[in-house]
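# A structural walkthrough
Chain residues, written in single-letter form:
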Amino acid sequence: MAANTGTYLIRGASILGGEATDLLIRDGLIAETGTGLAADDRATGATVIDAAGLVALPGMVDVHTHLREPGREDAETVETGTRAAALGGYTAVHAMANSTPVADTAGVVEQVYTLGQTAGWVDVRPVGAVTVGLAGEQLAELGAMADSRARVRMFSDDGICVHDPVLMRRALEYVKAFDGVVAQHAQEPRLTAGAQMNEGEVSAVLGLAGWPAVAEESIIARDVLLARHVGSRLHVCHVSTAGSVEIIRWAKERGINVTAEVTPHHLLLTDDLVRSYDPVYKVNPPLRTDADVQALRAGLADGTIDVVGTDHAPHPSEHKECEWAQAAMGMTGLETALSVVQHTMIETGLITWADFARVTSTAAAAIGRLEDQGRPLEAGEPANITLVDPAARWTVEPAKMATMGRNSPFKGMELPGKVVATFFKGHPTVLNGELNTPYPYGLATTAGAA
């Protein structure tokens, strides 16, 4: 049962880009939708939000977030990362396992889950490690994490590839028992030893060790075959090459149960930016070519790639403001994802706002098995809602962001679209584009908080 978070009337929002509609929110649910609800006695006493010109979307869900806590609080905390998520329009994030200690036990995932509830800005769902300590030698406590209070359903050694095919097969077999999914960081380590950027024309000119596309593609090809062999669910993290898109398309055409994500930065940026030697552009997998960017956009538009995952990876400034070879890999993304996707996919005519809801919410919730997220904006459904001003323009200023990470590759860019409000469980965590208050978990019953 949800906390009683008040009554709100969202007036005149365009649901998924359609006709202007009123949404009445009460006790954490969408109580009613329609027109003229402002004059209805059932809306009496509601806080009215004028949403004329705004697009209403299901709260966004990120399948790939690095919150760093526990252990790396110098880079990000659950509190700061989820504040950033709420401002970015998210109502749920999956927190990756490469914390310190690694989230490879029930105790650690429950700690992350509890930190998420204490913060109250979004639903934090921990991702469990596939192997103990991300070492790739033995399976972690997958069943215990699945049975824990955190109810883990996604497992990943993200940052490191599960490169042993026998271990990968065992993981895929194991998660079938509780309808889990293994999310693979596709990177053949022997093909990328010492790699600094995408292998291609630019790496040759700069003299930097290249990161070949085949290092990603070969692992994806192997794993989709393993998933078919054992009849399990596979998710491919941060797809970055045209060849990877083709392999995933081939697998889906044959009924293999594979899903895939693309990051906002891989939808927009290319390896040509590395000519600046600015470490903000150093990321794993690396920025690729324009041909890869176009293939990724097409794959997201036609459903080959299921979701946009931010791979939000904040770092302390000293880990980025250094020589290229020594710099950490990763970029922030929670507060810019919506705008980048609008810029690259909606404004180019590749997808609609309804498609946007699918690739940023509905499909992501399905992959993570989040029953209360990604739901239709209809009466009786949980009120996880994002209101967006699609006509707004803004300039990215990392220093003003909620995340502790300042390593945004979009610094100084003017982007479209701005989150005006985020409702999490019927409570406005963001209003007028600014943080409001977190969801009051303390008012919920024990069952509602679980």
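These numbers were taken from a predicted model, which means no experiment stands behind them. (Residues numbered from 1 in each chain as written. Predicted model: local features only at pLDDT ≥ 70, side-chain atom pairs only at ≥ 80, totals over all residues. Heavy atoms only, no water.)

## As for the side chain of Asn384
How we decide: Here a helix means four or more residues in a row that DSSP labels H or I, a strand means two or more in a row labelled E, and each is numbered from the N terminus. Burial here depends on accessible area, computed with a 1.4 Å probe over protein chains only, as a share of the maximum for the residue type. Under 20% is buried, over 50% is exposed, and the range in between is partly exposed. Here a polar contact means two N or O atoms within 3.5 Å. Within protein one must be a hydrogen donor candidate and the other an acceptor candidate, and residues neighboring in sequence count only if both atoms are side-chain atoms. Between two residues, a contact is recorded if the distance between any of their heavy atoms is within 4.5 Å.
Residue placement: Asn384 occurs in the loop between helix 10 (353–368) and strand 16 (385–395). When its relative accessible area of 5% is taken as the criterion, Asn384 is described as buried. Here Asp372 takes part through its backbone oxygen, which lies 2.9 Å from a polar atom of the side chain of Asn384. A distance of 2.8 Å separates the side chain of Asn384 from the backbone nitrogen of Lys425, its partner in a polar contact. For Asn384, the residues in contact, after removing those within four places along its chain, are Leu57, Pro58, Gly59, Thr91, Asp372, Gln373, Leu377, Phe423, Phe424 and Lys425.

## Some remarks on the sheet that holds strand 13 (residues 234–236)
Definition in use: For two strands to count as paired, DSSP must find a minimum of two bridges between them.
Here we have five strands laid out as an open sheet, ordered 9-10-13-14-15, and parallel in their pairing. Each edge of the open sheet is held by one strand with a lone partner, namely strand 9 (154–155) and strand 15 (307–308). The pairing of strand 9 with strand 10 (residues 181–184) spans two bridges and is parallel. Residue pairing in the sheet places Phe155 in a bridge with Val182 of strand 10.

## A word on the packing of helix 6 (residues 213–230) against helix 7 (residues 242–253)
So the rule is basically this: Each axis is a line fitted through C-alpha atoms, taken for helices only over the stretch in contact, and angles between the N-to-C directions span 0 to 180 degrees. Just so you know how the angles are binned, under 35 degrees is roughly parallel, over 145 roughly antiparallel, 65 to 115 roughly perpendicular, and the rest oblique. Lys, Arg, Asp and Glu make up the charged group, whereas Ala, Val, Leu, Ile, Met, Phe, Trp, Tyr, Cys and Pro make up the nonpolar group; the residues left over, Gly among them, are polar.
The contact between helix 6 and helix 7 brings their axes to 9 Å, and the two run at 10°. Looking at the two axes, helix 6 sits roughly parallel to helix 7. Contacts between helix 6 and helix 7 involve Glu216, Glu217, Ile220, Ala221, Val224, Leu225 and Arg228 from the first element and Gly243, Ser244, Ile247, Ile248, Trp250 and Ala251 from the second. Residues that form the contact of helix 6 with helix 7 fall into these classes: eight nonpolar, two polar and three charged.

## A look at helix 9 (residues 337–346)
Taken across its 10 residues, helix 9 has nine buried, putting it largely inside the fold. For helix 9, the complete set of buried residues consists of Ala337, Leu338, Ser339, Val340, Val341, Gln342, Thr344, Met345 and Ile346.

## Here's the deal with the pattern of salt bridges
The line we're drawing: For this document, the term salt bridge refers to a Lys or Arg side-chain nitrogen within 4 Å of an Asp or Glu carboxyl oxygen.
Under the defined criterion, the tally for this structure stands at 19 salt bridges. Taking the shortest distance from any N to any O, the salt bridge between Glu79 and Arg83 comes out at 2.6 Å. Of this pair, Glu79 and Arg83 both sit in helix 1 (residues 78–87), four residues apart, which is roughly one turn of that helix. On the basis of relative accessibility, which here comes to 30%, the residue Glu79 falls in the partly exposed class. Using a relative accessible area of 31% as the deciding quantity, one classes Arg83 as partly exposed.

## Let's talk about the packing of helix 7 against helix 8 (residues 290–302)
Relative orientation of the contacting elements helix 7 and helix 8 amounts to 25°, with a least axis distance of 8 Å. Classed by the angle they form, the pair helix 7 and helix 8 counts as roughly parallel. Taken together, the residues of helix 8 that come into contact with helix 7 (itself represented by Ala242, Val245 and Arg249) are Asp292, Ala295, Leu296, Gly299 and Asp302. Looking at the contact of helix 7 with helix 8, its residues break down into four nonpolar, one polar and three charged.

## Some details on the sheet that holds strand 7 (residues 90–95)
What holds strands together in a sheet is hydrogen bonding between their backbones, with the strands either parallel or antiparallel. Across the sheet, which stays open at both edges, the three strands sit in the order 6-7-8 with parallel pairing between neighbours. Each edge of the sheet is formed by a strand with only one pairing partner; in this case those strands are strand 6 (60–65) and strand 8 (123–126). On average, each strand axis in the sheet is tilted by 20° relative to the strand beside it, whichever way the strands run. Across four bridges, strand 7 lies against strand 8 in parallel orientation. Paired with Val93 across the strands is Val124, a residue of strand 8.

## Some words on the pairing of strand 14 (residues 258–262)
As a reminder of what qualifies: Handedness of a crossover: with both strands directed away from the viewer, a clockwise path from the first strand across the helix to the second marks it as right-handed.
The buried fraction of strand 14 is high, at five of five residues. Side chains Val258, Ala260 and Val262 of strand 14 all project onto a buried face; the interleaved residues Thr259 and Glu261 project onto the opposite face, where all are buried too. Pairing between strand 13 and strand 14: three bridges, direction parallel. Residue pairing across strands places Val236 opposite Ala260, the latter belonging to strand 14. Handedness of the β-α-β unit built from strand 13, helix 7 and strand 14 comes out right-handed. Looking at chain direction, strand 14 and strand 15 are connected through two bridges and run parallel. Bridging from a neighbouring strand, Glu261 pairs with Val307 of strand 15. The parallel pair strand 14 and strand 15 is bridged by helix 8, and the resulting crossover is right-handed.

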